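Commentary on secondary and tertiary structure
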There are 2 protein chains.
Amino acid sequence: MHAALAPLAGLLGTFEGDGEGDYPTISPFRYRERVVFGHAGKPFVTYQQHTWQPDTDAPMHTEVGYLRVPGPAVDAPAGTTRVELVIAQPTGIVEVQEGTLEDGVLTLATTTVGRTATAKDVWSVRRTFALRDDLLVYDLWMAYAHVPDTHHLHAELRRTG
Amino acid sequence: MHAALAPLAGLLGTFEGDGEGDYPTISPFRYRERVVFGHAGKPFVTYQQHTWQPDTDAPMHTEVGYLRVPGPAVDAPAGTTRVELVIAQPTGIVEVQEGTLEDGVLTLATTTVGRTATAKDVWSVRRTFALRDDLLVYDLWMAYAHVPDTHHLHAELRRTG
């Protein structure tokens, strides 16, 4: 593992569990999810995720990307690691996220959301990932169309590998 | 395979071969590459790529993303398929590309380039992928810092799976 990834070492592996989604424009829904954080000896973590319907196993969402640790910010509080996340989604959306890792919690928000011409009008995303022992809890907030930053997803995943 | 992917069906599979890179700011270089286009029954193609040094097998670049076929444009010439491509790179860069598929040639250009705060100043990318039988040839042009749109990569890959 590349030395730069030491702050993210606990995240490497596979996590599976259940999630639930809600948003003002849709009906609440539930899903099963698998997230894999990997590395290949270089200074970034690979991120792959997919979800499926609990009853039918039908595929739902998937996304891929990379976590980066660009080194401590000059004015960062002790114990805080600066983190960058880039994501591509098959919905035609890309995210550039910036944030911090502190006490096992990744707190990230988009500085750029890119959309293909036919993608939905998502215009900001915030994500948190909280790792405590082998439990990974994440939340996602999204601003979409006329809806400002609003909680959309919550999942609790256990390490399976 | 989802019916929307019919125009891209020939692309599905694994391709490997050799590439070469050049740019005004660097020395020319060569690489080996593997590209995998896959699908999971949904209306997008998954794209995974990595390159490595021919001599040492050391990993070089990698990127991931999705190709989308959003349906024919109203005013598109016959035989032309509209295509969207989103990509995330571990260099902290994301791309939103739009373009066409015509006579086996994908021609794409960025409408958005997103960068983390520490990413290099790439500000536009064009890509072509030309598939003829089992030969996939791609080229990439990039605008970076003070260098306008300039050819950067060329590779010729053969289907291996």
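Please refer to the structure higher up on the page.
Summary of the structure given here. Everything quoted here is computed from the prediction, not taken from an experiment. Throughout, residues of each chain are indexed from 1 in the direction in which the sequence is written. Here every chain gets a letter starting at A, and every ligand a number starting at 1, in the order they are written. pLDDT decides what is reported in this predicted model: residues at 70 or higher carry local features, side-chain atom pairs at 80 or more are listed and counted, and totals for whole chains, interfaces and linings draw on all residues regardless. Water and hydrogen atoms play no part in the side-chain values, which are based on all heavy atoms of the structure.

1. Details of the overall build of chain A
Each helix and strand counted, chain A has zero helices and 10 strands in total. Counting from the N terminus, the helices are DSSP H or I runs at least four residues long and the strands are E runs at least two residues long. N-terminal to C-terminal, the α/β element order of chain A is β-β-β-β-β-β-β-β-β-β. C-alpha atoms define the radius of gyration in this analysis, and the globule rule sets the expected value at 2.2 Å times the number of residues to the power 0.38. Its C-alpha atoms give chain A a radius of gyration of 16 Å, near enough to 15 Å, the size a compact globule of 161 residues would have. Counting only C-alpha atoms, chain A reaches 40 × 35 × 25 Å along its principal axes. In this scheme, a residue with accessible area under 20% of its type's maximum is buried, one over 50% is exposed, and one in between is partly exposed, where area comes from a 1.4 Å probe on protein chains only. The buried share of chain A, taken over its 161 residues, is 47%. When checking whether two residues touch, look at their non-hydrogen atoms; a contact exists if any pair is within 4.5 Å. Nonlocal contacts in chain A, meaning residues at least 24 apart in sequence, comprise 37% of its contacts between residues at least 6 apart. Here, Shrake-Rupley sampling with a 1.4 Å probe gives the accessible areas, and only protein chains in the shown set may cover a residue. Carbon and sulfur atoms form 54% of the exposed surface of chain A, whose accessible area is close to 7,400 Å². The average position of the 13 basic charges and that of the 20 acidic charges among the side chains of chain A differ by 4 Å. Only four residue types enter the charge count, namely Lys and Arg as positive and Asp and Glu as negative; His and the chain termini do not. Just so you know, the charge point we use is NZ for Lys, CZ for Arg, CG for Asp and CD for Glu.

2. Focus: the interface of chain B and chain A
Facing 34 residues of chain B, the contacting portion of chain A comprises 34 residues. Together, the buried faces of chain B and chain A total about 2,400 Å²; carbon and sulfur atoms form 64% of this surface. For the chain B face of the interface with chain A, the top three residues by lost area are B:Tyr66, B:Arg68 and B:Pro90, together amounting to 23%. We define a salt bridge as a side-chain nitrogen of Lys or Arg found within 4 Å of a carboxyl oxygen belonging to Asp or Glu. Viewed at the interface, chain A and chain B are joined by zero salt bridges. The term polar contact refers here to a pair of N or O atoms within 3.5 Å; inside protein, the definition further demands a hydrogen-donor-capable atom paired with an acceptor-capable atom, and it admits residues adjacent in sequence only when both atoms are side-chain atoms. In this structure, the connection of chain B to chain A is made through 16 residue pairs in polar contact (both at pLDDT 80 or more). Of all the secondary structure elements, the ones that give two or more residues to the side of chain B that touches chain A are β3 (44–52), β4 (59–68), β5 (81–89), β6 (93–102) and β7 (105–115) of chain B. Residue type decides the class: Asp, Glu, Lys and Arg count as charged, Ala, Val, Leu, Ile, Met, Phe, Trp, Tyr, Cys and Pro as nonpolar, and the leftover types, Gly among them, as polar. Tallied by class, the residues present in the side of chain B that touches chain A amount to 16 nonpolar, 10 polar and eight charged. The term buried area means the drop in 1.4 Å probe accessible area that two parts suffer when joined, counted for both and summed.

3. Some remarks on the pairing of strand β9 (residues 135–144) of chain B
All names here are of chain B. Of all 10 residues that make up β9, eight are buried, and the element is covered over most of its length. The pairing criterion for strands is at least two bridges between them, as found by DSSP. Strand direction decides the pairing type here: strand β8 (residues 122–132) and β9, joined by 10 bridges, are antiparallel. Counterpart to Arg 132 in the pairing with β9 is Leu 135. Counted along the chain from β8 to the antiparallel partner β9, the turn is two residues long, and its residue Asp 133 has a positive phi close to 55 degrees. Examined bridge by bridge, β9 and strand β10 (residues 147–159) share nine bridges and lie antiparallel to one another.

4. Quick look at the pattern of salt bridges
Residue and element names in this part refer to chain A. The full count for this structure, using the stated rule, is 20 salt bridges over all chains. Put simply, Asp 18 and Arg 32 hold a salt bridge, and the shortest N to O gap is 3.2 Å. Note that Asp 18 is positioned in strand β1 (residues 13–23) and Arg 32 in strand β2 (residues 26–38), a separation of 14 residues in sequence. For Asp 18, a relative accessible area of 45% gives the class partly exposed.

5. Some remarks on the relation of the copies chain B and chain A
Rotating chain B by 180 degrees and moving it 0.0 Å along the rotation axis overlays it on chain A with an RMSD of 0.0 Å. The transformation relating the two chain copies, once decomposed into turn and shift, fits a two-fold axis. When C-alpha distances to the rotation axis are compared across chain B, the minimum falls at B:Ala88, with a value of 2.7 Å. Of the residues that chain B buries at the interface, 100% are likewise interface residues in chain A, meaning the two copies contact each other through the same surface. The least-squares superposition of copies is restricted to C-alpha atoms, and to residues with a pLDDT of at least 70 in both copies.

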